[in-house]
Amino acid sequence: MPPAAAREPRRSVEGGGGKKSTLATIQDMERAREERRRQMEERKADKAEQQKRNKAAGVVGDADFVRMIDAWRESHERDAAAHEAFDCGDESARATGGEICICVRKRPIGRREVAANDHDAVSCVHPEVVVHDCRHRVDGITKYLANAGFAFDHAFSEKVDTAEVYRCVGSPLVDFVVGRRGRATIFAYGQTGSGKTYTMEGIQERAAVQIFDALGAAGGEIEVGVSFFEIYGGRCQDLLRDRARLQVREDGKGEINVVGLAEAPVASATALLDAIEKGNELRTKQKTEMNDASSRSHAICQICLRDKRGRIEGKLSLVDLAGSERGQDTRNHNRQLRTESAEINKSLLALKECIRGLATNDAHVPFRASKLTMVLRDSFVRPHCRVAMIATVSPSVSATDHTINTLRYADRVKEKPANQALKVAALADRNKNGEDAKEAAKEA
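For clarity, every value in this text was computed on a predicted model and none was experimentally measured. (Residues numbered from 1 in each chain as written. Predicted model: local features only at pLDDT ≥ 70, side-chain atom pairs only at ≥ 80, totals over all residues. Heavy atoms only, no water.)

### Overview of the pattern of salt bridges
Argument step 1. For the coordinates displayed, the defined rule picks out 21 salt bridges.
Argument step 2. Its salt-bridge partner being R67, residue D64 comes within 4.0 Å of it at the nearest N-O pair. Of the two residues, D64 and R67 both sit in helix α3 (residues 63-76), three residues apart, roughly one turn of that helix.
Argument step 3. For R67, a relative accessible area of 45% puts it in the partly exposed group. (Salt bridge = Lys/Arg side-chain N within 4 Å of Asp/Glu carboxyl O. Helix = DSSP H or I, 4+ residues; strand = E, 2+ residues; numbered from the N terminus. Buried < 20%, exposed > 50% of the residue type's maximum accessible area, 1.4 Å probe, protein only.)

In structure tokens form, the structure reads like this:
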């Protein structure tokens, strides 16, 4: 028979220092479960209420992610700095990297994105641009934001109009060209459908008026001429002469010449705008997966100031680049569109290297890597030049990959000369240490 101690019934200890009984543990679990259910119902009710408010305000998308993004913006809206005009500096700008200005402009959410239930996932708090990547944790339920931030010379939100963008970027460069007889280039870069052409057309319109106003105030005998051509599929075409074919050649002095390019003389801002409008209408466009009328060429509008003998006294180049695309976005394209996309990406990569070389004061700038950079060589090798890039981004959550790629491109374009100097010093120090080690090995 089992011992007497083994036959004694088990005793539950409640309220004492021992373990809780099974019944008490189950009751605690049920109370915790009920509390979780109550909290879940409250969250559902709050989410439904938030969705109603968002719908009334025209905001679509996941209510939880929208709420988290709004909370982030409310906590950071006071961090925004005031926009200041681009300081073109003096001749010492090349040594400090001050001859290049990198800006980002975010466009408003569009009707197509609202119809697709896409919400705004990009925040511009000058000088920072933050992309809110909406994600779920491993449990598949918990939501959180993975914020990727980038800092630039200017970060223009959707509330900033083109006039303000021009005041900060375009107007100082026009003053630099007219008042100081320099050479300036403004690029518009970004994903297809992100607002590049809209931004560039606004800059073209304001620049034309400002140039003639400044020339009229300054007096003198300066003539204005405009040329407008595109680079499409590796070919150059004159947009002011019904897409006449052009040749890009380099002469014995190392100067790049666009053979056959016509320069139309203009005597007023109205005549200049008419010529620019004609060129924009003839620009090559195609329907793509991202846009019904996507620009498939790099459009280059050059406004030259010449003296009576025809010598260039100043030049303003306005470049509306073709829309960048990822390889996976061209899967449904035909052979022609895929070839165009490859050529576009190749030229954009070459352009990035040239602007980077300009910003870091490299001894060699690879402008021969594409026709785009060849015809814009003056912007990269002339000592008296300034460059501005306006990277346009889409705000929708479905385009966050595109947006991050655009911001990375713009971020890598401008490298600080100080960082470059540190890299060179570190490399020299490493080489010196290696030589010392070799000498020590030989002596041993």
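### A closer look at unusual backbone geometry
Argument step 1. Here the bond from H126 into P127 is cis, since omega is 10°, no more than 30 degrees from zero.
Argument step 2. Secondary-structure assignment places P127 in the loop between β2 (122-125) and β3 (128-136).
Argument step 3. Located in the positive-phi region is R181, a residue other than glycine, with phi close to 55°.
Argument step 4. Within the fold, R181 resides in the loop between α6 (162-180) and β6 (183-190).
Argument step 5. Non-glycine residue D242 carries a positive phi angle of around 55°.
Argument step 6. One can find D242 in the loop between β8 (235-238) and β9 (244-250).

### Overview of the layout of surface pockets
Argument step 1. When its volume is computed, the second largest pocket comes out at roughly 750 Å³.
Argument step 2. Lining the second largest pocket are 31 residues, with R73, K106, D120, E158 and K159 sitting closest to its centre.
Argument step 3. Where the lining of the second largest pocket is concerned, the elements lending two or more residues are α3 and β2.
Argument step 4. Counting residues per element, the lining of the second largest pocket draws most heavily on α3, which supplies five residues.
Argument step 5. Here the residues of the lining of the second largest pocket are counted per class, giving 16 nonpolar, seven polar and eight charged. (1 Å grid on protein atoms, 1.4 Å probe; cavity = no way out; pocket = protein on both sides within 12 Å on 5 of 7 lines; lining within 4 Å. Points joined across faces, edges and corners; volume = space filled by probe spheres on them. Nonpolar A, V, L, I, M, F, W, Y, C, P; charged D, E, K, R; others polar.)

### Quick notes on the sheet that holds strand β4 (residues 143-151)
Argument step 1. If you trace the three strands from one edge of the open sheet to the other, you get β2-β3-β4, paired in antiparallel fashion. At either end of the open sheet lies a strand with only one pairing partner, and these are β2 and β4. Neighbour-to-neighbour, the strand axes of this sheet turn through a mean angle of 25°, independent of strand direction.
Argument step 2. When β3 meets β4, the two strands line up antiparallel, connected through nine bridges. Bridge assignment links V130 to a residue of β4, and that residue is G149.
Argument step 3. Contacts from α3 reach β2, β3 and β4 within the one sheet, and its direction differs from that of β4 by about 40°.
Argument step 4. Where helix α12 (residues 400-413) meets the sheet, it contacts β2, β3 and β4, and its direction lies at approximately 145° from that of β3. (Pairing = 2+ DSSP bridges. Axes fitted to C-alpha atoms, helices over the stretch in contact; angles between N-to-C directions. Contact = heavy atoms within 4.5 Å.)

### A short note on the confidence of the model for the protein chain
Argument step 1. Here the protein chain averages 82 in pLDDT, and 82% of its residues register 70 or above.
Argument step 2. Ranking the helices and strands of the protein chain by mean pLDDT puts strand β5 (residues 154-156) first, with 96, and helix α13 (residues 417-443) last, with 45.
Argument step 3. Scored below 50 in pLDDT, residues 417-435 makes eight contacts in the model with residues more than four places away or belonging to other chains. (pLDDT = per-residue confidence, 0-100.)

### Quick look at the packing of aromatic side chains
Argument step 1. Taken as a whole and assessed by the stated rule, the structure comprises one aromatic pair.
Argument step 2. The ring of Y144 is capped by R137, whose NZ or CZ atom sits 4.3 Å from the centre of that ring.
Argument step 3. One Lys or Arg, K143, reaches over the ring of F65 and ends 5.4 Å from the middle of that ring. (Phe/Tyr/Trp six-rings, centres within 6.5 Å; stacked < 30°, edge-to-face > 60°. Lys NZ or Arg CZ within 6 Å of the ring centre and 35° of its normal.)

### A short note on the side chain of S297
Argument step 1. Within the fold, S297 resides in the loop between β13 (294-295) and β14 (298-306).
Argument step 2. A relative accessible area of 0% places S297 in the buried class.
Argument step 3. Within the structure, the side chain of S297 is placed 2.6 Å from the side chain of E230, a separation counted as a polar contact. (Polar contact = N/O pair within 3.5 Å; in protein donor to acceptor, adjacent residues only side chain to side chain.)

### Here we look at the nonpolar core
The nonpolar side chains of a soluble globular protein tend to be buried, and buried together.
Argument step 1. F187, L351, F380 and M389 are the most contacted members of the largest nonpolar core, which has 47 residues in total.
Argument step 2. Counting residues per element, this core draws most heavily on helix α9 (residues 335-359), which supplies seven residues.
Argument step 3. I211, V224, A388 and I390 belong to the second largest nonpolar core, which has 43 residues in total. (Core = buried A, V, L, I, M, F, W, Y, C linked by side-chain atoms within 4.5 Å.)

### Quick look at the packing of α9 against α12
Argument step 1. Closest axis-to-axis distance for the α9/α12 pair is 8 Å, and the angle between their directions is 35°. Contact with α9, carried on its side by L348, L351, K352, I355, R356 and A359, involves Y409, R412 and V413 of α12 and no other residues of that element.
Argument step 2. For the contact of α9 with α12, the per-class residue count stands at six nonpolar, no polar and three charged.

### Description of the side chain of Q237
Argument step 1. Relative to the elements of secondary structure, Q237 occurs in strand β8.
Argument step 2. Among the polar contacts listed, one links the side chain of Q237 to the side chain of E230, at a separation of 2.5 Å.
Argument step 3. Sequence-distant contacts of Q237, that is, excluding residues within four places in its chain, are made with F229, E230, Y232, R243, A244, R245, L246 and T284.

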